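Residues per chain, in single letters:
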Amino acid sequence: KKEKIEEEKMMPSYNWTDIGSGSLGKIFVEILGCDGLPNMDTSSTLGDTSDSFVSLVYEDCFVRTDTIMDCLSPRWLPWTQRAFIFNMMHTSSQLFLAVFDRDENTLNSHDLIGRVSVDISNFQPNITYLLNYKLYTTAKAPREGDLGTIKIRLRLELEDERTLLLSNFVWPENVYVNVDNKKDFEVIKKTVEGDVDMKKFSMMTVLKYYDELWSYLTVFYVFVDAFTTLIFWRGNSIVRLPYPSYSSRSVEWVEITSFPLHSLVAFICTTTIVERPNLLPSFCFFCIGWYVMYVILVIKMIHDCSFQLAQGFAVHRGEPDR
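Now for a look at the structure at hand. (Residues numbered from 1 in each chain as written. Predicted model: local features only at pLDDT ≥ 70, side-chain atom pairs only at ≥ 80, totals over all residues. Heavy atoms only, no water.)

Overview of the sheet that holds strand β3 (residues 52-58)
In step 1: Spatial strand order, β4-β3-β6-β7: four strands in an open sheet with antiparallel pairing. A strand with exactly one partner marks an edge of an open sheet, and here the two such strands are β4 (61-64) and β7 (111-119). Averaged over all adjacent pairs, the angle separating strand axes in this sheet is 15°, with direction ignored.
In step 2: Where β3 meets β4, four bridges bridge the pair, whose relative direction is antiparallel. Each residue of the ladder has a partner; that of Leu 56, found in β4, is Val 63.
In step 3: Packing against the sheet, helix α3 (residues 182-193) makes contact with β3, β4, β6 (94-101) and β7, and its axis sits at approximately 120° to β6. (Pairing = 2+ DSSP bridges. Helix = DSSP H or I, 4+ residues; strand = E, 2+ residues; numbered from the N terminus. Axes fitted to C-alpha atoms, helices over the stretch in contact; angles between N-to-C directions. Contact = heavy atoms within 4.5 Å.)

Below you can see the structure in the form of structure tokens.
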């Protein structure tokens, strides 16, 4: 029976909920199941365990799945309310997922089991991803304990990748999610921000901010490494250069794996400024953006998760990313 349920949950969903007011593309999300959830019900009833449902918040949209009663490893099957289509407004928007234990008491709020945020910009269009995420109470607090995992299926469809790329130069608009009761408001708030109020002053909050600042040292190390790489002409780029072959009277392309491309660009910019000082302001703004983009690229490339890897510009030109 368990094998049959596992096989059935992977089948395509029957009913899809299409929501959102964006026009850049569509995000297809299916909630497949959770594993290893903690028991949030403290009643003495024998066999009474968590009644789980999943809430999803994306831009101006809020939806939730059906509730699976008394199960610590719930599975949402194709005929349940588990499939949603979000219409994208901006490429930087994140998808927030949270698992809750439903509370029937109207006076009590639903108990947050765990949450996770998904960066949509890390996915390529027209590819179906099967994703497993660990659940945490918040992204800002120290990650303690095992709160289980959630499995989703995600696919991204874009109207035009160039339009999506150009949308990054537009500041995202403020979005608002309207609900008609307090319990749904608390569900949305915990889904997006987590279960820890970082605005409330306490020594624990100060320590959590300290841990966050300490984690930013990685960015500082990358900045220093990028600067030394630029100054000392260390090769870190892969380029293909033409090499004439006199024996076969043809041109062969040779791949250089450690070419100091950034240092060469900086040298050309410096010599140009010496001859044309009026270009100094333009080159300063160019170097700031170029340096910051390079650091972000390095941080993404050293990330452990393959879904955090940065896409090459060849993808947005319509070429396959090597």
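On we go.
Points about the sheet that holds strand β5 (residues 83-88)
In step 1: The strand order across the open sheet formed by five strands is β1-β5-β2-β9-β8, and the pairing between neighbours is mixed. Among the strands making up the open sheet, the edge pair consists of β1 (16-19) and β8 (128-134). Averaged over all pairs of adjacent strands, the angle between strand axes in this sheet comes to 25°, irrespective of strand direction.
In step 2: Two elements, strand β2 (residues 25-35) and β5, share six bridges in a ladder whose sense is antiparallel. Paired with Val 29 across the strands is Phe 84, a residue of β5.

With respect to unusual backbone geometry
Both trends apply: most residues other than glycine have a negative phi, and most peptide bonds are in trans.
In step 1: Of note in this structure, Glu 59 is not a glycine but carries a positive phi near 55°.
In step 2: Relative to the assigned elements, Glu 59 resides in the loop between β3 and β4.
In step 3: For Asp 70, which is not glycine, the phi torsion reads 50° and is therefore positive.
In step 4: Looking at the element boundaries, Asp 70 is found in the loop between β4 and β5.
In step 5: The class for Asp 70 is partly exposed, based on a relative accessible area of 40%. (Buried < 20%, exposed > 50% of the residue type's maximum accessible area, 1.4 Å probe, protein only.)

Side note on the side chain of Thr 80
In step 1: Counting through the fold element by element, Thr 80 comes out in the loop between β4 and β5.
In step 2: Of the polar contacts made by the side chain of Thr 80, one reaches the backbone oxygen of Leu 77; its length is 2.6 Å. (Polar contact = N/O pair within 3.5 Å; in protein donor to acceptor, adjacent residues only side chain to side chain.)

Focus on the side chain of Ser 50
In step 1: For Ser 50, the location among the structural elements is in the loop between β2 and β3.
In step 2: Here Pro 38 takes part through its backbone oxygen, which lies 3.0 Å from a polar atom of the side chain of Ser 50.
In step 3: In this structure Ser 50 touches Pro 38, Asn 39, Met 40, Asp 41, Ile 68, Met 69, Asp 70, Cys 71, Leu 72, Asp 101 and Ile 113, once residues within four positions along its chain are discounted.

The values are spatial; any link to function lies outside them.
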